[in-house]
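Descriptive structure summary
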Amino acid sequence: MSTYIRVLLIALLASFFRFLMHSCSWNLLLLLRVFLLQTVQQEILQSDIQSKADKSPVTVADYGSQVLVSLALNMEVTSGSFSMVAEEDSEDLRKDSAEEILEHITDLVNETLAEDGSYNITLSKEGILSAIDTGKSEGGPSGRHWVLDPIDGTKGFLRGGQYAIALALLDEGKVVLGVLGCPNLPLASISNLNGSSSGDQMGALFSATVGCGAEVESLEGSPPQKISVCTIDNPVNASFFESYEGAHTMHDLTGSIAEKLGVQAPPVRIDSQAKYGALARGDGAIYLRFPHKGYKEKIWDHAAGAIVVTEAGGVVTDASGNDLDFSKGRFLDVDTGIIATNKQLMPSLLKSVQEAIKEKSQAPSPL
Ligand code: AMP
Ligand code: MG
């Protein structure tokens with residue numbers, strides 16, 4: 001395992017299992033994971049949730065995870081300058097009205113750091129705010145940048161659904177490493193199409209290094225297994241993933257793409273980049289994402305997931321078939337939407353996507 005992957009794992013495990021469970025010894029992980037999934041996720045207090053300017057929710061878990069990952073990376077990555085592009089910033093937490101939530105984050109982070117014992121640090125509230133703000137880098141085409149979504153799929157997290165910690169590394173504008181921690185995703189396939197699995201082990205950690213393939217392992221550290229996208233070449237046998245939230249993707253458009261392609265199975269709707277992980281191990285054949293007009297995609301919502309899929313043999317492009325370009329800063333400049341599938345299905349998928357988009361643009365707008 002490369003040093004970077006180990007660092008990513010340390011960071012991810014630190015953030016999920018030491019922070020959210022915040023009472024921990026490693027041999028209690030199995031028990032505590034159940035606690036995390038069944039208790040903490042459901043018992044998060046209303047006072048632990050804020051609403052961002054775009055009305056999306058952010059919780060103590062998002063902020064705490066960003067603090068812990070940024071601290072762990074800062075400690076472990078000692079060579080060269082450190083740059084991180086991450087979703088959260090401290091602006092809302094600096095308001096007087098956020099005093100209670102900031103106190104809660106500070107307590108949880110410090111408890112976690114003390115229980116874990118790897119780093120002999122206690123953070124002040126100001127230390128918490130500045131650790132969050134280490135994620136303010138603009139990224140770009142040169143140098144190395146860590147890319148973090150501390151809790152991707154916050155709505156799924158709050159609903160008891162899927163969520164992921166997503167961490168990637170950009171080198172000269174290209175994604176070279178990616179890790180997705182998905183605590184609520186079964187380790188076994190969810191290919192029975194309703195998001196559940198016959199296996200009972202929960203939690204999957206996907207990782208990929210450029211040129212070396214993609215792997216999945218359990219969150220307790222089972223031996224990693226190589227993964228690859230499915231080999232389906234007839235859309236009739238394909239299923240497709242999309243966002244659970246209708247506000248995040250146009251379900252009418254994806255339905256029409258699937259129909260044109262000849263897909264017969266109903267959509268599998270799950271939150272977060274867990275979709276990329278599930279696609280990469282062949283649980284489904286296609287991922288369709290078509291945000292409503294005006295939304296700009298962020299690099300932290302796709303960097304880790306995209307490399308896990310491409311290293312598993314898949315293809316990830318925009319609706320015109322262009323590769324995703326992570327070198328443009330915090331945003332992705334994509335045409336209309338993002339699609340992912342295997343190499344066999346991509347040509348017919350692209351054709352159906354373009355036909356469906358054209359048809360939608362020509363349809364009379366409802367008044
Ligand atoms: P998903 O789990 O597929 O619904 O995607 C979750 C991600 O969608 C979140 O992490 C957000 O960053 C992102 N998101 C937020 N608002 C929108 C929107 N209006 N359209 C598309 N994606 C969004
Ligand atoms: Mg996200």
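Definitions and cut-offs
Residues numbered from 1 in each chain as written. Chains lettered and ligands numbered in written order. Predicted model: local features only at pLDDT ≥ 70, side-chain atom pairs only at ≥ 80, totals over all residues. Heavy atoms only, no water. Helix = DSSP H or I, 4+ residues; strand = E, 2+ residues; numbered from the N terminus. Buried < 20%, exposed > 50% of the residue type's maximum accessible area, 1.4 Å probe, protein only. Contact = heavy atoms within 4.5 Å. Areas by Shrake-Rupley, 256 points an atom, 1.4 Å probe, with all protein chains shown as cover. Donors = N, O, S within 2.8 Å, 3.2 Å for Na, K, Ca; no water. Pairing = 2+ DSSP bridges. Near = heavy atom within 4 Å. Polar contact = N/O pair within 3.5 Å; in protein donor to acceptor, adjacent residues only side chain to side chain. Nonpolar A, V, L, I, M, F, W, Y, C, P; charged D, E, K, R; others polar. Domains from an automatic or database assignment. Expected span 1.5 Å × (residues − 1). UniProt positions renumbered as here; feature names shortened; annotations may be inferred. 1 Å grid on protein atoms, 1.4 Å probe; cavity = no way out; pocket = protein on both sides within 12 Å on 5 of 7 lines; lining within 4 Å. Axes fitted to C-alpha atoms, helices over the stretch in contact; angles between N-to-C directions.

Tallying secondary structure elements over the chain gives ten helices and 14 strands in all. Counting the 367 residues in the chain, one finds 56% classified as buried. Sequence separation of 24 or more characterises 69% of the internal contacts of the chain that already satisfy a separation of 6 or more. Accessible area of the chain: about 15500 Å², with a carbon and sulfur share of 51%.

Coordination of the magnesium ion (ligand 2) by the protein comes from Asp149 (OD), Asp152 (OD) and Asp301 (OD), over a distance range of 2.0 to 2.2 Å. Taken in sequence order, the residues that donate to the magnesium ion (ligand 2) follow the motif D-x2-D-x148-D. Residue Asp149 is found in strand S4 (residues 144-152), and its partner Asp301 is found in the loop between strand S12 (286-289) and helix H9 (303-311); the two are separated by 152 residues along the sequence. Side by side, Asp149 and Asp301 carry an identical accessibility label, which is buried.

Burial runs high along strand S6 (residues 174-186): twelve of the 13 residues are buried. Where S6 and strand S7 (residues 202-209) come together, seven bridges link them in antiparallel fashion. Along S7, the bridge assignment pairs Leu177 with Thr209.

Neighbouring residues of ligand 1: 13 residues in total, closest Ser243, His248, Ser272, Lys275 and Asp301. Asp152 is positioned with one of its side-chain polar atoms (N or O) 2.9 Å from an oxygen atom of ligand 1. With respect to ligand 1, the side chain of Lys275 contributes an N or O atom lying 2.6 Å from an oxygen atom. Relative to its unbound accessible area of 500 Å², ligand 1 is 86% covered by the protein chains. Residue composition of the shell around ligand 1, grouped by class: three nonpolar, four polar and six charged. Taken together, domain 1 (8-226) and domain 2 (235-362) each give at least three residues to the shell around ligand 1, which thus spans both.

To continue, consider helix H3 (residues 60-76). Taking 1.5 Å of rise per residue, the 17 residues of H3 would be expected to cover 24 Å, and the 24 Å separating its terminal C-alpha atoms lies within 8% of that figure. Summarising burial for H3: 14 of the 17 residues are buried, a large majority. One side-chain oxygen at the N-terminal end of H3 lies 3.0 Å from the backbone nitrogen of Ala61; it belongs to Thr59.

On to the UniProt feature "binding site: Mg(2+)" (unreviewed entry) in the chain. Per the UniProt record, "binding site: Mg(2+)" (unreviewed entry) is found at Glu87, Asp149, Ile151, Asp152 and Asp301. In terms of the greatest pairwise C-alpha distance, the residues named above, spread along 215 residues, form a tight cluster of at most 10.0 Å across. In this structure, the largest pocket is lined, among the annotated residues mentioned, by Glu87, Asp149, Ile151, Asp152 and Asp301. Mapped onto the elements, Asp152 comes out in strand S4. Setting aside residues up to four positions removed in sequence, Asp152 forms contacts with Tyr163, Ala164, Ser272, Gln273 and Asp301. A residue is classified by how much of its surface remains accessible, and Asp301, at 12% relative accessible area, is buried. Setting aside residues no more than four positions away along its own chain, Asp301 makes contact with Asp149, Asp152, Gln273, Tyr276 and Tyr295.

Let us now look at the environment of Glu87. In this structure, Glu87 sits in the loop between strand S3 (84-86) and helix H4 (99-116). Glu87 gets classed as partly exposed once you look at its relative accessible area, which sits at 23%. Placed 63 residues apart in sequence, Glu87 and Pro150 show a C-alpha to C-alpha distance of 7.2 Å. Only 3.1 Å separates the side chain of Glu87 from the side chain of Lys52, close enough to count as a polar contact.

Taking strand neighbours across the sheet as the criterion, the seven strands line up as S3-S4-S5-S6-S7-S8-S9 in an open arrangement whose pairing is mixed. Edge positions in the sheet fall to S3 and strand S9 (225-227), since each of these pairs with one other strand and no more. On average, each strand axis in the sheet is inclined to that of its neighbour by 20 degrees, with strand direction left out of account. With seven bridges joining them, S4 and strand S5 (residues 164-171) adopt antiparallel strand pairing. Bridge pairing links Asp149 to Ala166 in S5. Here H3 sits on the sheet and contacts S3, S4 and S5; the angle it forms with S4, its principal contact strand, is near 150 degrees. Against the sheet, H9 contacts S4, S5, S6, S7, strand S8 (213-217) and S9, and its axis sits at roughly 95 degrees relative to S6.

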